[in-house]
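# Reading the structure
Residue strings, one per chain:
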There are 2 protein chains.
Amino acid sequence: MDLFVAIDRTLEQSLRDQLYAGLRGAILDGRLAHGARLPATRALAKSHAISRFTVDDAYSRLIADGYATGRHGSGTYVAYAASERTPASDQPAPESIISADRDWSNWGDRLTALKSQPAPASPTYSFKQGVPALDHVPLAVWRRCQSKVGRSAASGLFGYGPPSGFEPLRRSISGYLARSRMLRCDPEQIVITSGTQEAIDLIARLFVDPGDAVVIEEPSYPAARRSFAAAGAELLLIPVDAEGLRVELLGRRESRATLIYVTPSHQFPTGGLLPLNRRRELIEWARETGTLIVEDDYDSEFRYGQRPIEALAALDPTIPGPRSVIYIGTFSKVLFPALRLGYIVLPPDLIDRVTAAKETAGRHAPTGEQATLAEFIDAGHFERHLARMRRMYAARSTAMLAAIDRWFGNRAQRHPAATTAGLHTLFRFELPYGEMDMVSRAAEAGILIEPASPCYAAPPAFTEALLGYGAMNEEQLVQGVQALARALLS
Amino acid sequence: MDLFVAIDRTLEQSLRDQLYAGLRGAILDGRLAHGARLPATRALAKSHAISRFTVDDAYSRLIADGYATGRHGSGTYVAYAASERTPASDQPAPESIISADRDWSNWGDRLTALKSQPAPASPTYSFKQGVPALDHVPLAVWRRCQSKVGRSAASGLFGYGPPSGFEPLRRSISGYLARSRMLRCDPEQIVITSGTQEAIDLIARLFVDPGDAVVIEEPSYPAARRSFAAAGAELLLIPVDAEGLRVELLGRRESRATLIYVTPSHQFPTGGLLPLNRRRELIEWARETGTLIVEDDYDSEFRYGQRPIEALAALDPTIPGPRSVIYIGTFSKVLFPALRLGYIVLPPDLIDRVTAAKETAGRHAPTGEQATLAEFIDAGHFERHLARMRRMYAARSTAMLAAIDRWFGNRAQRHPAATTAGLHTLFRFELPYGEMDMVSRAAEAGILIEPASPCYAAPPAFTEALLGYGAMNEEQLVQGVQALARALLS
């Protein structure tokens, strides 16, 4: 039995009395039926984080008061028969007990077992990765686009739309991908999602049964790993080096995988850029083994210096055989995360099922935001904004690197794979203590840094942290790094 | 082998030549390897909807040209060895063949097996159910709220938000439910979703493993049934009568169910209103059996005449025991579907997992739309809009009923359960032909009506259709009904 008594440590009432009252309430209204065995004291103590003595005390009092009976060595049993469940009472039932005996699905159980990172309280300096410059959202232009869409709004914008997304937006994205990523696709191959997260989740649902194998990079993006693990995947890890995924290690073991999830443009979190020859080899391997490649291109828009390498999805059609690459893009980094718009570009034979999955998952993305974004792209605002942001993030990246150099010297090094791209850099620290201490020392000084260990399946060999530089200006970054050095090196 | 050759009937090239070229291409580049058996002519003909003669012809030519060899009675085999797979070619691969041997998940397979209703071409008169008056969206006020939110926008509106939804919106909904539905809940019990559909999907994922039992009404809402069936549920049907679900029929068989999905305020599609005593009995049954009730309150805002009965979720806390009711509401009907905002009100012990599920499914609903809706509710616009719409829909309902009476006489009757509520009414027709003919006769006359059979698991005993009256004005409704009578009765 899964029994939970609400314990409030802020109350004056003792824990024993609260537990007693909760249990008695459950017995009185029949939730704990006559003859039912009460949970073992050890289990109840553990699940409520209270001492066994407290539980023993509460049980003794229940026995003394005649609500329960103790059989030595065999537990405590309910001795009181509630006359009947009297449900006609209009009095609210006591909320103190939730007998949470819920039949959760295996997916729900797995999801809960995978803890996500807790969000810290608002820090003075946040190096949180993946957050763009929220004070540079082109709000005025965005609202003009919103108004324009609103004025022209045929009532067609208000009804149910196609599950794959607003057609003009899919056309805008198709055009943008052709211009910026040399990725040619039909608007019909695009499905609009609630960001990268929904894209990954839909793919996991459609391709992963419990026990199926999924290949991921080690280290990798934790949220993706969580989605695949929640779907019940057996995760097969392939290490990355300074150039990203070590494609040559894909072998027999991996050949039975359904999917391989990769971040070739900016390996997450190391920053590696997968070279062209490895890209070809990866696609060839996928062709030979019948594996689908999930290419998460989460921030490839931001490269400062090097030219981008062709996306796997752009190379895919140049290699004979059925298409292998599912491409995921997002507007979370290039516009703002709260917009919740991303997209999948699909091999043609996957369109129908992914669209059906999206429909079941919530019908379609909100039309108003989609129409505004289409207008924003078509009017050229998007690519102008991108160019502006690219210059700004390049300067921010330079400022942060210089500050790290100045304040940390040889106590912090960029990860060997790091390229000047994206919105974060992975650093290796040389410190006389471990990662957990590093993060909490920073937190005590009001600084949020993200440890790298959640990205690793195995404990990492180095003390690493992801420092995001998208959301702070150059001055804040310099001050933040200085404060971080003070917190970690003093 | 799942082999697909793209056949384009608009091309001048004959089907035989297209098939031949596609197969030869596959042999040349090694996708059809030496020794591989070509699909049986019957199977290939069927999957491509072409004649077996065409396939036989193409195969004969492949044999004549030396690409294949025929072994009488045992099929056709590839006779040509591609020198090797030459993937380095920069030439785009021929797209003509997709060897779609994908490892779909069981969920994906089940989802595909459940066909959804095809959307018909734009009709002159659309009686599509569930569509509100799209030309009465309060756009001016909505845009004022949008601007107000935009002006006051702290950059907090642009970053990642809480998975359960924008906190001010959850407060607004909590207040609205208390005022309108006598449903008291904490904002923390609310999770914002992409409409009813995502709410149902999240619940199905969290509570249904393949083989689990789910109780549904017969007839019931097809999209909900599809979600539960895709999750692998065994569906246990309980019939409805003029007062909705026949709660007294819930017995031993149903007691092992994880969930029971109900529409007590306006039974879908019949329109029945579940009386208070049955509501209490249902909750008591859920308590006794440990079943969760999913209360889909999709259009209870629209009652014209009768007072609403307390929601199950409002009764739930008045009956002793752990909470049993998950309540689902939506803004699709009361504002507009393209907004994609709905919500779940949860028993407290379910909050964490449903929130985690929502996070995995796509992080959170878009913040801008949530903030606009919160402002819209808090400024009182929402309830004013509701009152206006209620009057309008009442008039539309009356107009449609009168027109049905006038033009159909005793050839059409409201379903015995129908109440004056919501946005549609279920009618029973007396016609000398069946449902399919009814729908296609209407379609030929440019009229969209929704047949009731997709709502039934077993073939319905009557010829029924749902007539939605939300999206047409009174004049259109009268003309539409007249045109329908002409199409069906002549």
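Residues numbered from 1 in each chain as written. Chains lettered and ligands numbered in written order. Predicted model: local features only at pLDDT ≥ 70, side-chain atom pairs only at ≥ 80, totals over all residues. Heavy atoms only, no water.

## A closer look at the overall build of chain A
- Summing up its helical and strand segments, chain A has 16 helices and 18 strands in all.
- For chain A, the spread of C-alpha atoms along the principal axes amounts to about 80 × 60 × 55 Å.
- Evaluated residue by residue, chain A yields a buried proportion of 57% over its 490 residues.
- Contacts spanning at least 24 positions in sequence make up 72% of the contacts within chain A whose residues lie at least 6 apart.
- Counting 54 positive and 55 negative side-chain charges, chain A places the averaged centre of each group 3 Å from the other. (Helix = DSSP H or I, 4+ residues; strand = E, 2+ residues; numbered from the N terminus. Buried < 20%, exposed > 50% of the residue type's maximum accessible area, 1.4 Å probe, protein only. Contact = heavy atoms within 4.5 Å. Lys, Arg positive; Asp, Glu negative; His and termini not counted. Charge placed at Lys NZ, Arg CZ, Asp CG, Glu CD.)

## Things to note about the interface of chain A and chain B
- Facing 88 residues of chain A, the contacting portion of chain B comprises 88 residues.
- Interface of chain A and chain B: buried area, both sides summed, is about 7,900 Å²; carbon and sulfur atoms make up 55% of it.
- Its largest share of buried area at the contact with chain B, chain A owes to Trp104, Phe158 and Arg353 of chain A, together 10% of the area lost on that side.
- At the boundary of chain A and chain B, one finds six salt bridges.
- Ionic pairing is found between Arg353 of chain B and Asp109 of chain A, a salt bridge with its closest N-O pair at 2.8 Å.
- Inspection of the region where chain A meets chain B yields 34 residue pairs in polar contact (both at pLDDT 80 or more). (Buried area = accessible area lost by both parts, 1.4 Å probe. Salt bridge = Lys/Arg side-chain N within 4 Å of Asp/Glu carboxyl O. Polar contact = N/O pair within 3.5 Å; in protein donor to acceptor, adjacent residues only side chain to side chain.)

## A few points about the packing of aromatic side chains
- Under the criterion given, the structure shown has 30 aromatic pairs over all chains.
- On the numbers, 4.9 Å between centres and 75° between planes, the contact of Phe302 of chain B with Tyr393 of chain B is edge-to-face. Of this pair, Phe302 of chain B sits in the loop between strand S11 (292-296) and helix H11 (312-315) while Tyr393 of chain B sits in helix H14 (residues 381-408), placing them 91 residues apart in sequence. Considered together, Phe302 of chain B and Tyr393 of chain B belong to a single accessibility category, that of buried residues.
- Aromatic rings pair up to connect Trp142, Tyr176, Tyr327, Phe331, Phe336, Tyr343, Phe376 and Phe382 of chain A together with Phe158 of chain B into one cluster.
- Lying over the aromatic face of Trp107 of chain B, Arg205 of chain A brings its terminal NZ or CZ to 4.0 Å of the ring centre. (Phe/Tyr/Trp six-rings, centres within 6.5 Å; stacked < 30°, edge-to-face > 60°. Lys NZ or Arg CZ within 6 Å of the ring centre and 35° of its normal.)

## Topic: the sheet that holds strand S17 (residues 450-451) of chain B
Residues and elements named next belong to chain B.
- Taken together, four strands build an open sheet; the order of strands is S14-S15-S18-S17 and the sheet is antiparallel. Of all the strands in the sheet, just strand S14 (412-414) and S17 have a single pairing partner and so form its edges.
- Pairing analysis gives two bridges linking S17 to strand S18 (residues 463-468), with the strands arranged antiparallel. What sits directly across from Glu450, in S18, is Leu466. (Pairing = 2+ DSSP bridges.)

## Here we look at the pairing of S11 of chain B
Residue and element names in this part refer to chain B.
- With five of five residues buried, S11 lies mostly within the body of the structure.
- Side chains Leu292, Val294 and Asp296 of S11 all project onto a buried face; the interleaved residues Ile293 and Glu295 project onto the opposite face, where all are buried too.
- As paired elements, strand S10 (residues 259-262) and S11 share four bridges and run parallel to each other. By the bridge assignment, Val262 is partnered in S11 with Glu295.
- You can see the chain leave S10, run along helix H10 (residues 276-289) and come back into S11, and the turn it takes is right-handed.
- Looking at chain direction, S11 and strand S12 (residues 325-330) are connected through four bridges and run parallel. Opposite Asp296, over in S12, you have Ile328 as the bridge partner. (Right-handed = clockwise from strand over helix to strand, strands pointing away.)

## A short note on the side chain of Thr355 of chain B
- Structurally, Thr355 of chain B is set in helix H12 (residues 351-362).
- In contact with Thr355 of chain B, other than residues within four places in its own chain, are Pro163, Ser164 and Val191 of chain B.

## A look at the sheet that holds strand S9 (residues 244-245) of chain B
All names here are of chain B.
- The strand order across the open sheet formed by eight strands is S6-S13-S12-S11-S10-S7-S8-S9, and the pairing between neighbours is mixed. Strand pairing shows two members of the sheet lacking a second neighbour, strand S6 (190-193) and S9, which therefore form its edges.
- Both strand S7 (residues 213-218) and strand S8 (residues 234-241) contribute to a ladder of six bridges, which runs parallel. Its bridge partner being in S8, Ile216 is matched across the sheet by Leu237.
- Packing of helix H6 (residues 167-181) onto the sheet brings it into contact with S6, S12 and strand S13 (342-345), and relative to S6 it is tilted by some 110°.
- This element, helix H7 (residues 195-207), spans S6, S10, S11, S12 and S13 of the sheet and lies at about 155° to S12. (Axes fitted to C-alpha atoms, helices over the stretch in contact; angles between N-to-C directions.)

## Some remarks on the nonpolar core
- If you look at the biggest cluster of nonpolar residues, it comprises 91 residues, and the most contacted ones within it are Phe127, Leu282, Phe331 and Tyr343 of chain A.
- The leading source of residues in this core is helix H14 (residues 381-408) of chain A, at nine residues.
- Apart from the residues lying within four places of it in its own chain, the contact partners of Phe127 of chain A are Met400, Ile447, Leu448, Ile449, Leu466, Leu467, Gly468, Met472, Leu477, Gly480 and Val481 of chain A.
- In this structure, Tyr327, Val345, Met392 and Leu477 of chain B belong to the second largest nonpolar core, which totals 90 residues. (Core = buried A, V, L, I, M, F, W, Y, C linked by side-chain atoms within 4.5 Å.)

## Regarding the confidence of the model for chain A
Residue and element names in this part refer to chain A.
- On average, residues of chain A carry a pLDDT of 89, and 91% of them reach 70 or more.
- In the model, residues 83-99 has pLDDT below 50 throughout and makes 43 contacts with residues more than four positions away in sequence or in other chains.
- Here the prediction assigns the complex a pTM of 0.80, and the interface score ipTM is 0.80. (pLDDT = per-residue confidence, 0-100.)

## Observations concerning the environment of Arg353 of chain A
- By the secondary structure assignment, Arg353 of chain A is in helix H12 (residues 351-362).
- By relative accessible area, which is 17% here, Arg353 of chain A ends up buried.
- Note: C-alpha distance between Arg353 of chain A and Leu206 of chain A (147 residues apart in sequence) is 7.9 Å.
- For Arg353 of chain A, the contacting residues outside a window of four places in its chain are Leu206 of chain A together with Trp104, Gly108, Asp109 and Thr112 of chain B.

## With respect to the packing of helix H15 (residues 435-444) of chain A against helix H16 (residues 474-489) of chain A
Residue and element names in this part refer to chain A.
- At a minimum axis distance of 9 Å, the contact between H15 and H16 shows a crossing angle of 125°. By the angle between their axes, H15 is oblique relative to H16. Between H15 and H16 lies a crossing of right-handed hand. Between H15, through Met438, Arg441 and Ala442, and H16, the contact on the second element is made entirely by Leu484, Ala487 and Leu488. (Parallel < 35°, antiparallel > 145°, perpendicular 65-115°, else oblique. Left-handed = near helix turned anticlockwise from the far one by under 90°.)

## Looking at the relation of the copies chain A and chain B
- With an RMSD of 0.4 Å, the fit of chain A onto chain B corresponds to turning through 180° and sliding 0.2 Å along the axis. Here the two chains are linked by the operation of a two-fold rotation axis.
- A symmetric contact is evident, with 100% of the interface residues of chain A recurring at the interface of chain B. (Least-squares fit on C-alpha atoms with pLDDT ≥ 70 in both.)

## Thoughts on helix H4 (residues 106-113) of chain A
- Looking at H4 of chain A, one finds that the buried residues are Trp107, Gly108 and Leu111 of chain A. One side of H4 of chain A holds all its buried residues, which, seen down the axis, span an arc of 100°.
- Looking at the buried side of H4 of chain A, the elements it contacts are helix H8 (222-230) of chain A together with H7 and H12 of chain B. (Arc of directions from axis to C-beta.)

## A word on the packing of H12 of chain A against helix H4 (residues 106-113) of chain B
- For the pair H12 of chain A and H4 of chain B, interaxial distance at closest approach is 10 Å and the crossing angle is 85°. Accordingly, the angle class assigned to the pair H12 of chain A and H4 of chain B is roughly perpendicular. The residues of H4 of chain B that touch H12 of chain A, namely those facing Arg353, Ala356, Ala357 and Thr360 of chain A, are Trp107, Gly108, Asp109, Leu111 and Thr112 of chain B.
- Considering only residue class, the contact of H12 of chain A with H4 of chain B consists of four nonpolar, three polar and two charged. (Nonpolar A, V, L, I, M, F, W, Y, C, P; charged D, E, K, R; others polar.)

## So, the pattern of salt bridges
Residue and element names in this part refer to chain A.
- Within the structure shown, the criterion is met by 34 salt bridges over all chains.
- For Lys148, the salt bridge identified is with Glu375, shortest N-O distance 3.2 Å. Pair noted here: Lys148 is in helix H5 (residues 139-151) and Glu375 is in helix H13 (residues 367-378), with a separation of 227 residues, a long-range link.
- Exposure remark for Lys148: the relative accessible area of 44% places this residue in the partly exposed category.
- It is possible to trace a salt-bridge network through shared partners that takes in Asp241, Glu243 and Arg278.

## Overview of unusual backbone geometry
All names here are of chain A.
- With an omega of 0°, the peptide bond between Glu218 and Pro219 qualifies as cis.
- Relative to the elements of secondary structure, Pro219 occurs in the loop between strand S7 (213-218) and H8.
- Of note in this structure, Met182 is not a glycine but carries a positive phi near 50°.
- By the element assignment, Met182 lies in the loop between helix H6 (167-181) and strand S6 (190-193).
- For Arg340, which is not glycine, the phi dihedral falls at a positive 55°.
- Mapped onto the fold, Arg340 is located in the loop between strand S12 (325-330) and strand S13 (342-345).

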